[in-house]
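Notes for the structure review
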Amino acid sequence: MTVVTFTTDFGTADGYVGAMKGVVLSLAADAVLVDITHEIARHDVAAGAFALAQAASLYPTGTVHVAVVDPGVGGRRKELLVEAGGALYLGPDNGLLSLATRGARQGRVIRSIEAPHFRRPSVSPTFHGRDVFAQAAGRLAAGAPPQEAGPVLAQMADLDSAPASSASGRSEAAVIMHIDAFGNLITSWAAEALPASRFFIQPDGGQPFEVTSGRTYSDVASGELMAYVGSAGFIELAVRDGSAAGRTGLARGDRLWLGRAS
Amino acid sequence: MTVVTFTTDFGTADGYVGAMKGVVLSLAADAVLVDITHEIARHDVAAGAFALAQAASLYPTGTVHVAVVDPGVGGRRKELLVEAGGALYLGPDNGLLSLATRGARQGRVIRSIEAPHFRRPSVSPTFHGRDVFAQAAGRLAAGAPPQEAGPVLAQMADLDSAPASSASGRSEAAVIMHIDAFGNLITSWAAEALPASRFFIQPDGGQPFEVTSGRTYSDVASGELMAYVGSAGFIELAVRDGSAAGRTGLARGDRLWLGRAS
Amino acid sequence: MTVVTFTTDFGTADGYVGAMKGVVLSLAADAVLVDITHEIARHDVAAGAFALAQAASLYPTGTVHVAVVDPGVGGRRKELLVEAGGALYLGPDNGLLSLATRGARQGRVIRSIEAPHFRRPSVSPTFHGRDVFAQAAGRLAAGAPPQEAGPVLAQMADLDSAPASSASGRSEAAVIMHIDAFGNLITSWAAEALPASRFFIQPDGGQPFEVTSGRTYSDVASGELMAYVGSAGFIELAVRDGSAAGRTGLARGDRLWLGRAS
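Everything in this summary refers to the structure shown in the same document. (Residues numbered from 1 in each chain as written. Chains lettered and ligands numbered in written order. Predicted model: local features only at pLDDT ≥ 70, side-chain atom pairs only at ≥ 80, totals over all residues. Heavy atoms only, no water.)

**Quick look at the sheet that holds strand β2 (residues 32–37) of chain A**
Residues and elements named next belong to chain A.
- Pairing within the open sheet is mixed, and its seven strands lie in the order β2-β1-β3-β5-β4-β6-β7. Each edge of the open sheet carries a strand with a single partner, namely β2 and β7 (152–153).
- Sheet contacts for helix α4 (residues 128–141): β1 (3–8), β3 (64–68), β4 (79–84) and β5 (87–92); angle to β5, the most-contacted strand, approximately 165 degrees. (Pairing = 2+ DSSP bridges. Helix = DSSP H or I, 4+ residues; strand = E, 2+ residues; numbered from the N terminus. Contact = heavy atoms within 4.5 Å. Axes fitted to C-alpha atoms, helices over the stretch in contact; angles between N-to-C directions.)

Written out as structure tokens, the structure reads:
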């Protein structure tokens, strides 16, 4: 009874996700299928990598994670099976799997999916999600060992999203890694960087915002901009009963400086 | 093989729901996970309570229902496990569980989730869905008895949504409890209140609307405003091939009077 | 352990889908539930038929497919159980099941769902999804033989979506069968019709568009309109890094002519 998760930019309006699940269940009728999300913005590899990394560590050992955000489908990038931290990851070699498997970098084994039985007999050049990754997930869920999938690769594409905590004279830089559906801004600052009370964040080339440190939303007044250690372990910015993205106008990828209140 | 359902305001664009499911499956690999909905409007406890109540009664005995619409997360409200009508309900003590468990009010047992193994070792103050409710669901799905969760409470928060069927001289009042994705208006009028043919509804302080009673949409002409006994057992207003919400401009919570055609 | 899939126009904001699943699990606790999609446009029977047909063939033998896009619910149209190609299909008799079961037309058996135990004791005239189709799916998933459902019918409603490949003097006509979430246009042209390099498509009464044949998106430049054999086996039109629907202004049902470049 293997858990198979799905993270894609396919949306759920078409039958694409349903097609992938059919392929998995045809090979492994007792697989347990779970959606992480199918609402990654189209072709936004970094957002997919973040969503996968946030959820994957919570799954049982042996879980198979299928991730498809794949602007280069049908082109030259390889199809990967990565073993890391007791889990298996399937997806294109474009950085999508890099955040989730980074923590286990020492032990991770990267393979190219090339074995005929890990691919459907006829592979559509526009739908590797169905014809390669779902097929491989079905084989693994049915008990095939990962080493059957194909040859080991020396490396895989990595996202350049290493937390930008390059120290400067007065503060430490971060980027906004993710904006969630509530408008909360997830930064790359680690938990330890959270100042004790009030402080400023300074966007590159923008006006500073005053922020109140807190533990949870109800620690501040309605409408107040606050910072706290988010559930992913990074510092997040939020507006109680509002949207920090809307308030600040900041976007994913924007660079910030942390300024202690003077 | 325990069924675990999820009702939240998290949306599915982020990995939050996927994180909760990972926690459940890590504790109970054979749990059957079902989404009721994740599209409750943010912080709309009443809408969450309605969606949960509508679906929960259809599930098998022993089902564990996880509901998280939780504006007060990390604050003082307690985390509840409620036994009612042969099912188990997990959610914040803010009224969210009150509609679903109301019918079994005599027999319901309310507990505060405090046992260490019913909570993750480190509980994020902003994500009790993952660190308390999913963890508790996993324990229950794996066979832990509810009484392990924590002490019994004398009461829980109740929604003030008791069908407002206070009789008046000429008619009976109701509120609009829910507007569904089709623009159908679900009122608090019980089935018995449905007039036989044509009648009026009179919004508080607004113009009356003429309505035709029917059994199903095809009983009236396209574009006609009709009333019928909805699948939840309440009187609903609909426009065939259209939206009753759009036609009438009525909103959830609006108060109505039922006027027999004179 | 029977797979049960769901294809509806209910959306996921309300608890309607959750209600259906509860009914299935109450009858067959070990059913494996999979969503094809719930985002079919309201009452768009053709779109539902297409989504179901695209996904259904990928599922294991014995899968039960529940499809509900049902503008005539509660009216005179019958409720069907169709056996075709080793799978079982449940849905209204309005053409919704016709595409998925067409390939197996020789062998398909059509029944009207009339047996009392295949329907819930009280059938809401507006929610056959829950009270007929989910109930029937639960019975089938629990092992009831299809012939218990009701009498065999001689025929069922068919969609008039037979690929319009009526040949003309200079070219072959097609219709746009579906537009997916990426704005790709899925036509009714079979794979064999794809010209080798550059060609024109001519909408009825519109200006022609120049198109480049390719195998996958990365075969053309960003922003270029291309044609390729899609994963459903039909010719699709796409714009790399863009939307073919937006570029061409074409809509589902529009008729096209294929013009070899002169």
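**Here we look at the sheet that holds strand β4 (residues 79–84) of chain C**
- Taken in spatial order, the seven strands make up an open sheet running β2-β1-β3-β5-β4-β6-β7 (chain C), and their pairing is mixed. Of all the strands in the sheet, the pair left with one neighbour each is β2 (32–37) and β7 (152–153) of chain C.
- Two strands pair when backbone bridges link them, and strand β3 (residues 64–68) of chain C and strand β5 (residues 87–92) of chain C are joined in this way by three bridges, in the parallel orientation. When the sheet's bridge partners are listed, His65 of chain C is paired in β5 of chain C with Tyr89 of chain C.
- Contacting β1 (3–8) and β2 of chain C, helix α1 (residues 16–27) of chain A runs over the sheet at an angle of about 150 degrees to β2 of chain C.

**Here's the deal with the interface of chain C and chain A**
- Taken together, the contacts link 27 residues of chain C with 29 residues of chain A.
- Across the contact surface, chain C and chain A share zero salt bridges.
- Sorting the residues of the side of chain C that touches chain A by element identifies β2, α2 (45–56) and β8 (173–179) of chain C as the ones contributing at least two each.
- Tallying contributions element by element places β2 of chain C first for the side of chain C that touches chain A, with five residues.
- In the side of chain C that touches chain A, the residues fall into 15 nonpolar, seven polar and five charged. (Salt bridge = Lys/Arg side-chain N within 4 Å of Asp/Glu carboxyl O. Nonpolar A, V, L, I, M, F, W, Y, C, P; charged D, E, K, R; others polar.)

**Concerning the relation of the copies chain C and chain B**
- Rotating chain C by 120 degrees about the axis while translating it 0.0 Å along that axis superimposes it on chain B, leaving an RMSD of 0.0 Å. A rotation of that kind, with that shift, is consistent with a three-fold axis. Minimal C-alpha distance to the rotation axis in chain C is attained by Val32 of chain C, lying at 4.8 Å.
- By residue overlap, the copies meet through two different surfaces: only 3% of the interface positions of chain C are interface positions in chain B. (Least-squares fit on C-alpha atoms with pLDDT ≥ 70 in both.)

**Topic: the interface of chain C and chain B**
- Taken together, the contact between chain C and chain B spans 29 residues of the former and 27 residues of the latter.
- A buried area of about 2500 Å², summed over both sides, lies between chain C and chain B, and 54% of it is on carbon and sulfur atoms.
- Together, Tyr16, Arg42 and Thr126 of chain C form the three largest contributors to the area buried by chain C at its contact with chain B, with a combined 23%.
- Applying the counting criterion to the chain C and chain B interface returns zero salt bridges.
- Our enumeration of links across chain C and chain B arrives at 14 residue pairs in polar contact (both at pLDDT 80 or more).
- With eight residues, the top contributor of residues to the side of chain C that touches chain B is helix α1 (residues 16–27) of chain C.
- Within the side of chain C that touches chain B, the residues separate by chemical class into twelve nonpolar, ten polar and seven charged. (Buried area = accessible area lost by both parts, 1.4 Å probe. Polar contact = N/O pair within 3.5 Å; in protein donor to acceptor, adjacent residues only side chain to side chain.)

**Some points on the side chain of Asp131 of chain B**
Residue and element names in this part refer to chain B.
- If you trace the backbone, Asp131 turns up in helix α4 (residues 128–141).
- For Asp131, a relative accessible area of 0% puts it in the buried group.
- Non-local contacts of Asp131, meaning those with residues more than four positions away in its chain, are made with Arg119, Arg120, Ser122, Val123 and Ser124. (Buried < 20%, exposed > 50% of the residue type's maximum accessible area, 1.4 Å probe, protein only.)

**Examining the packing of aromatic side chains**
- For the structure shown, the criterion picks out twelve aromatic pairs over all chains.
- On the numbers, 5.5 Å between centres and 75 degrees between planes, the contact of Tyr16 of chain A with Phe127 of chain A is edge-to-face. Here Tyr16 of chain A, found in helix α1, pairs with Phe127 of chain A, found in the loop between β6 (109–112) and α4; they are 111 residues apart in sequence, far enough to count as distant.
- Residue Phe127 of chain A is classed as buried on the basis of its relative accessible area of 4%.
- Pairing Phe10 of chain C with Tyr16 of chain C gives two aromatic rings, centres 6.2 Å apart and planes at 70 degrees, and the pair type is edge-to-face.
- Members of the aromatic cluster, each reached through a chain of ring pairs, are Phe10, Tyr16 and Phe127 of chain A. (Phe/Tyr/Trp six-rings, centres within 6.5 Å; stacked < 30°, edge-to-face > 60°.)

**A closer look at the relation of the copies chain C and chain A**
- The operation relating chain C to chain A is a screw motion whose rotation component is 120 degrees, with 0.0 Å of axial translation and a residual RMSD of 0.0 Å.
- When the interface residues of chain C are mapped onto chain A, a mere 4% of them again fall at the interface, so the copies present different faces.

**Structural notes on the environment of Leu99 of chain B**
- With respect to the secondary-structure elements, Leu99 of chain B resides in helix α3 (residues 98–102).
- Note on Leu99 of chain B: relative accessible area 19%, which makes it buried.

**Structural notes on unusual backbone geometry**
- For His43 of chain A, which is not glycine, the phi dihedral falls at a positive 70 degrees.
- The residue His43 of chain A is located in the loop between β2 and α2 (45–56) in this model.
- Phi is positive for Asp241 of chain B, which is not a glycine, with a value near 60 degrees.
- Position of Asp241 of chain B relative to the elements: it lies in the loop between β13 (234–239) and α5 (244–248).

**Let's talk about α4 of chain B**
Residues and elements named next belong to chain B.
- Within α4, the axis deviates most sharply at Ala134, by approximately 30 degrees.
- Across the 14 residues that make up α4, a large majority, 13, are buried.
- A positive backbone phi angle near 110 degrees is found at Gly143, which sits one or two residues after α4. (Bend = angle between axes of the 7 residues up to and from the residue.)

**Points about the side chain of Arg111 of chain B**
Residue and element names in this part refer to chain B.
- On the secondary structure map, Arg111 appears in strand β6 (residues 109–112).
- Using a relative accessible area of 12% as the deciding quantity, one classes Arg111 as buried.
- Within the structure, Arg111 has its side chain in polar contact with the backbone oxygen of Gly150 (distance 3.3 Å).

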